[in-house]
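So you can see what is in the structure, the chains are spelled out below.
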Amino acid sequence: MNVKLTRRQFSQLAAIATTAAATGLFSNKIFAQESNTVILGVRPGNISDSNVSIPVNPTSDTTDLSDEKVTADIVPFALQTIVVESFDVRTQEIKTVLTTPPILEADEQLSGFVSLKDGRLVVVANNINPNKKNKQRIRLIFLSQSPKSVAVSGLKNNEALRSLLRLKDGSFAGLVSKINGTPPSRIVTINPDTGDVTDRDKVSDQKRVSVIAQCADGTFYGIATERTGGNSIFQIGQEQSTKLSFRSQPWSSGFIGFVCAANQLYALGALTHQEFPLYLHTIDPKTGEMKRIEKGFNVSAITIA
């Protein structure tokens, strides 16, 4: 289902909302109080019923779904839609707010999601084949009823881009690490119009970092997987870390999403050997204690609008 939110419709999701100039879907700030926190999630949707023909242009980094002409340069792909859902932390209500036309290619994985300062919603899709280095591709996909994509440049062949976030100053950043997630990792800023990345912060070579987030006070947090299999939370730039625990037991499953809203940290994950459902968890960075929000939220990445 394709949904374009009006001002009135979107106000039902949050206490304060204005229309974003770029997409007409989301405001730069959805909530004014913690009780109104809305987390957005993204996931692959349905596979197109028939193959969608995509013009192949080796000089362009943009996938264009508007050209329906059949030529010798067209190769068929099975594509998936991308679905954006909202999760109201207070009511635990989940709503579908956008379903794009088919745009996600086979073997692409959504590994990050962000709402930019101008209101645009962006995901990063990693299509990495370790056996074919020349087939590796990482692209940003701008979500709307007419989705566009931009290839990410400036990464090594053995690197992937994960955990997108909008920084306090409004810039756009992400976490870069090796394809298998091993160190070293670094935080980069990203030019959304060109896909170029620029190094911003280093992460300790001793930490295998899976996700990062920044709170309103400017503090960067990361979650790292320990060699023993447990997980810990730490401030970027500091070596000291705090082990995570859930119901008095060490957390050893990792996370696929991590955000900070109203200075509250939320992480998306599931227990070991439990693929679904995924749950949002609050984290106390001082104690490492986690508390679960009991309704499942099965998405691939999360962001704060």
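Residues numbered from 1 in each chain as written. Predicted model: local features only at pLDDT ≥ 70, side-chain atom pairs only at ≥ 80, totals over all residues. Heavy atoms only, no water.

Quick word on the side chain of S163
Piece 1. Following the sequence through the fold, S163 ends up in strand 10 (residues 159-166).
Piece 2. Under the relative-accessibility criterion, S163 is labelled buried at 8%.
Piece 3. Of note is the side chain of S163, whose polar atom sits 3.0 Å from the backbone nitrogen of I212.
Piece 4. With residues near it in sequence (within four places) discarded, S163 still touches S111, G112, A173, G174, L175, S210, V211 and I212. (Helix = DSSP H or I, 4+ residues; strand = E, 2+ residues; numbered from the N terminus. Buried < 20%, exposed > 50% of the residue type's maximum accessible area, 1.4 Å probe, protein only. Polar contact = N/O pair within 3.5 Å; in protein donor to acceptor, adjacent residues only side chain to side chain. Contact = heavy atoms within 4.5 Å.)

Observations concerning the sheet that holds strand 5 (residues 94-99)
Piece 1. The sheet built from four strands is open, its strands ordered 5-4-1-24 with antiparallel pairing. Two strands in the sheet have a free side with no partner beyond their single neighbour: strand 5 and strand 24 (301-304). Sheet twist, expressed as the average angle between the axes of neighbouring strands with direction ignored, equals 30°.
Piece 2. When strand 4 (residues 80-88) meets strand 5, the two strands line up antiparallel, connected through five bridges. Each residue of the ladder has a partner; that of E85, found in strand 5, is T96. (Pairing = 2+ DSSP bridges. Axes fitted to C-alpha atoms, helices over the stretch in contact; angles between N-to-C directions.)

Notes on the pattern of salt bridges
Piece 1. Summed over all chains, the structure comprises 12 salt bridges.
Piece 2. Across the pair R137 and E105 runs a salt bridge, and its minimum N-O distance is 2.9 Å. Of this pair, R137 sits in strand 8 (residues 137-143) while E105 sits in the loop between strand 5 and strand 6 (109-115), placing them 32 residues apart in sequence.
Piece 3. Here R247 and E294 are joined by a salt bridge, their closest N and O atoms 3.4 Å apart. Here R247, found in the loop between strand 18 (245-246) and strand 19 (249-250), pairs with E294, found in the loop between strand 23 (289-292) and strand 24; they are 47 residues apart in sequence, far enough to count as distant.
Piece 4. A relative accessible area of 54% means that R247 is categorised as exposed. (Salt bridge = Lys/Arg side-chain N within 4 Å of Asp/Glu carboxyl O.)

Considerations on the sheet that holds strand 8
Piece 1. If you trace the four strands from one edge of the open sheet to the other, you get 6-7-8-9, paired in antiparallel fashion. Each end of this open sheet is capped by a strand with a single partner; those strands are strand 6 and strand 9 (148-151). Each strand axis lies, on average, 25° off the axis of its neighbour in the sheet, ignoring direction.

Brief notes about the environment of Q92
Piece 1. Tracing the backbone shows Q92 in the loop between strand 4 and strand 5.
Piece 2. The sequence separation of Q92 and E294 amounts to 202 residues, and the corresponding C-alpha distance is 8.3 Å.
Piece 3. Other than its neighbours up to four places away in sequence, Q92 contacts F87, I293, E294 and K295.

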